[in-house]
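Read off the chains here:
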Amino acid sequence: MTPVLVFEGVGKRYGDKTALSGVSFEVQAGEVFGLLGPNGAGKTTCIRILMDIVRADSGTMRVFGAPLGRDHDFRLAYLPEERGLYTKQRVIDVMVYFGKLKGLSAAEARARARTWLERIGLSSVENHQVERLSKGMSQKVQIAATLLSEPELCVLDEPFSGLDPVNTALVRDLIGEIRASGRTTILSTHQMSMVETLCDRVALLSEGRRVVYGPIDEVRRRYSAAELRITIEGELPELPGVESVTCERPGTHRVVLAGDTDPQRVLASLIDAGVPVLRYERVLAPMEDIFIRVVQHGEDRG
Amino acid sequence: MRWRTVRTVTWFELTSTVRRLGYLIVTLGMPVFALLYAGLALIPAKLAKEQESAPRIYGVVDQAALLGLGDGEVIVVRSAGFRCFGDEARARRALTDERAIRSYFVVTPDYLASGRVLAHTGPASGLGPWEGRAELSELLRTRLLGTRVEPKVAARLLEPIAGRETFRVGGDGQVEAEGSDAFIGRLVLPIGFVFLLFTSILMSGSYLIQATATEKENKVVEVLLSSATADEIMTGKLLGLGGAGLLQVLIWLTMTLGVRFGFAQLVLPLDVQIAWQAVAIAPVLFITAYAFLGSLMLGTGSFGGNVRESQQLGMFWAFLATLPLMFVPLLLTDPHGLVAHVLTWIPFSAPATLVLRLSLDPDGMSVWEVAGSIAVLVLSTWAAVRLASRLFRVGLLLTGARPSLREIWRQAKGAP
């Protein structure tokens, strides 16, 4: 299947500062792709190049299998990190305007805006001026305005910032719905728990370079020690090829494997010993750890 | 450029501006304010007119015995009455005690040789000792001539050009009669054109810059640029906010003409003869000039960090647009001279100069000069819009410290 987006050796400089240096990655159709990195890593520049707001100095980019063109405007949508709405305008008017800019007719944009406002629980503020909304409400209106046109590729830059847990869950569910409908999302966020929950694949940028890239489970495995979490009934017997065992709580143990011990061998040993195994899982490094290890300590595992 | 997107931006900018309370107050309040101001200004004028209906009385002591008036006799010349006094003491009493006269003049005995007249003021002397001088001079001239030359000759000496008729000889040699105010009438179009152009540019330019600065402050810019090109946004803004500015000016003009106040009263009684060539070309020039100056204002204005800074940057172009006004006296005296030719080819001055020259003497300009000047203006407008849209994009995305001119140029060149 043709990737929705291909970045190949993309570079960009602002004056003396290198924002991107030979960045390459692909985004597949229907996935949630995490574009990660610390502040100033080049994420926003990548997005701006994708949205044709700035032009790359080098490299190539293909969107929906073709070089970027104005036709793509209606197939893409962008929620920038630095958000804003027309504060003196009515909520519905702003949403209709953004919808029309994405190629919808006025009537269609208005109908969709009303549906979305209902969906995010803000029907009552339809005719309010934007400046009367709280920060969280404005945030939700902006997300709704971004998704109004049902874009094929949706770029969300920090969509959870400023949201309470209820609204965070709402936005998380919306992203899930986009994936379920077969559309693609590029998610840029510093909330690594959300990356683990939502993203299929990730690219981690640091100082304008891609330092980590791949399916999220694979990335986490790559940066994980050989560790198991085992929940059993009764006592944990002596296991072969195990370096250490830590009891997290009664019945649940964290097992660090020695050298190249095969985790399946540990499971087989437990079954052979007649221990009822309630839960058996590979412990993966949290994305937050990986982020810190890569960005702060320069750890590189390919 | 996608015109549907341009239309969307245009409509949004137009409707959101004209619905703004500030716009409505200025649009509808300005004529009301002007009417009130004019009403207040008319009160003293009306009072002065009422006073003028009764002649102002001055005293005259005719020591040269030229006027042939008896003691106490009054003669009226236009709006002034002259009361004759046999001696100065009586005139002085009339001035100070009785306050019957505003001032008095003494025509000295040696007047014929010296021309000496002494003016005396008192407590109610109005505008000074020589108020009424023109009427007294006319009285003296009449008396001097009356006995020495024929009445007809005297009348011609007093008013050598009493009957005026004006004719205009066209390029084809045909002679046509025209009113004596026709020259002023021919200036109505260029003056109106320049007034409309500058007012629209100033009003719309202010809205353009304000809207752009607000978008920067509200951080809506990236959403816009991800949906439309800088060209489309800028063109939409120029049309929408230009429309709002023009609508405002048209409302003012309509209200002004509607009440026949000011401009209408000044213009309508005149013999207004407007060259059709100037009329035909004015709308094209107006739109092109607006696009030319508006885009430059928007392009440079977008580099401001806030509304005030943006206005300072953008308004520079509005002042350049006033260039032809400095040359108006020269253009009036020599509409086809070197200065006029040069100004015709400079995009900043071309619109007003062309309209002025075509209004004053449509036959004096060759078709090639008109067409060439318009072509230069259109090309300059195209280049200005292209350049401004790139600057506009760089300016819109600008945050923090302003980059150097070289860096701005580099980014503008590399902009999508």
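Heads up: the structure comes first, above all this text.
Because the structure is a prediction, the values reported are computed rather than measured. (Residues numbered from 1 in each chain as written. Chains lettered and ligands numbered in written order. Predicted model: local features only at pLDDT ≥ 70, side-chain atom pairs only at ≥ 80, totals over all residues. Heavy atoms only, no water.)

J.: Give me helix H3 (residues 88–96) of chain B: which residues, what numbers.
T.: Residues and elements named next belong to chain B. Taken together, the buried positions of H3 are Ala-91, Ala-94 and Leu-95. Projected onto a plane normal to the axis of H3, the buried residues spread over an arc of 100° and lie on a single side. Buried residues in H3 make contact with strand S1 (56–62), strand S4 (103–107) and strand S5 (117–121). Among the residues of H3, the N-terminal cap falls to Asp-87, whose side-chain oxygen and the backbone nitrogen of Ala-89 are separated by 3.0 Å. (Buried < 20%, exposed > 50% of the residue type's maximum accessible area, 1.4 Å probe, protein only. Helix = DSSP H or I, 4+ residues; strand = E, 2+ residues; numbered from the N terminus. Arc of directions from axis to C-beta. Contact = heavy atoms within 4.5 Å. Polar contact = N/O pair within 3.5 Å; in protein donor to acceptor, adjacent residues only side chain to side chain.)

J.: Residues and numbers for the state of the cysteines, please.
T.: Disulfide: a covalent bond formed between the sulfur atoms of two cysteine residues. Residue and element names in this part refer to chain A. Evaluation of the coordinates by the stated rule reveals 0 disulfides over all chains. Cys-46 carries a free sulfur, and the closest cysteine sulfur to it, the one in Cys-199, is 15 Å from it. For Cys-46, a relative accessible area of 2% corresponds to the buried category. Distance from the sulfur of Cys-154, which forms no disulfide, to the nearest cysteine sulfur (Cys-199) is 13 Å. (Disulfide = S-S within 2.5 Å.)

J.: Residues and numbers for the sheet that holds strand S6 (residues 76–79) of chain A, please.
T.: Residue and element names in this part refer to chain A. If you trace the 6 strands from one edge of the open sheet to the other, you get S6-S7-S8-S3-S9-S10, paired in mixed fashion. Pairing within the sheet leaves two strands with one partner each, and these edge strands are S6 and strand S10 (209–215). Between one strand and the next, the sheet's axes are offset by a mean angle of 15°, whatever the strand orientation. Its contacts with the sheet place helix H1 (residues 43–50) against strand S3 (32–36), S6, strand S7 (153–157), strand S8 (184–188) and strand S9 (201–206), and it is angled at close to 150° to S7. Its contacts with the sheet put helix H5 (residues 165–180) on S3, S7 and S8, and the angle it makes with S8 is roughly 145°. (Pairing = 2+ DSSP bridges. Axes fitted to C-alpha atoms, helices over the stretch in contact; angles between N-to-C directions.)

J.: Give a detailed account of the packing of aromatic side chains, specifying residues and quantitative values.
T.: Overall, the coordinates contain 12 aromatic pairs over all chains when judged by the stated rule. Between A:Phe7 and A:Phe25 the ring centres are 4.8 Å apart and the planes differ by 10°, which places this aromatic pair in the stacked class. Taken together, the residues A:Phe7 in strand S1 (residues 5–14) and A:Phe25 in strand S2 (residues 17–27) connect sequence positions 18 residues apart. Seen from their ring centres, A:Tyr97 and B:Phe12 are 3.7 Å apart, and the 5° between their planes marks the pair as stacked. Of this pair, A:Tyr97 sits in helix H2 (residues 91–101) while B:Phe12 is found in helix H1 (residues 3–18), placing the two residues in two different chains. The same class applies to A:Tyr97 as to B:Phe12, namely buried. Directly above the aromatic system of A:Phe64 lies the positively charged group of A:Arg75, at a separation of 3.9 Å from the ring centroid. (Phe/Tyr/Trp six-rings, centres within 6.5 Å; stacked < 30°, edge-to-face > 60°. Lys NZ or Arg CZ within 6 Å of the ring centre and 35° of its normal.)

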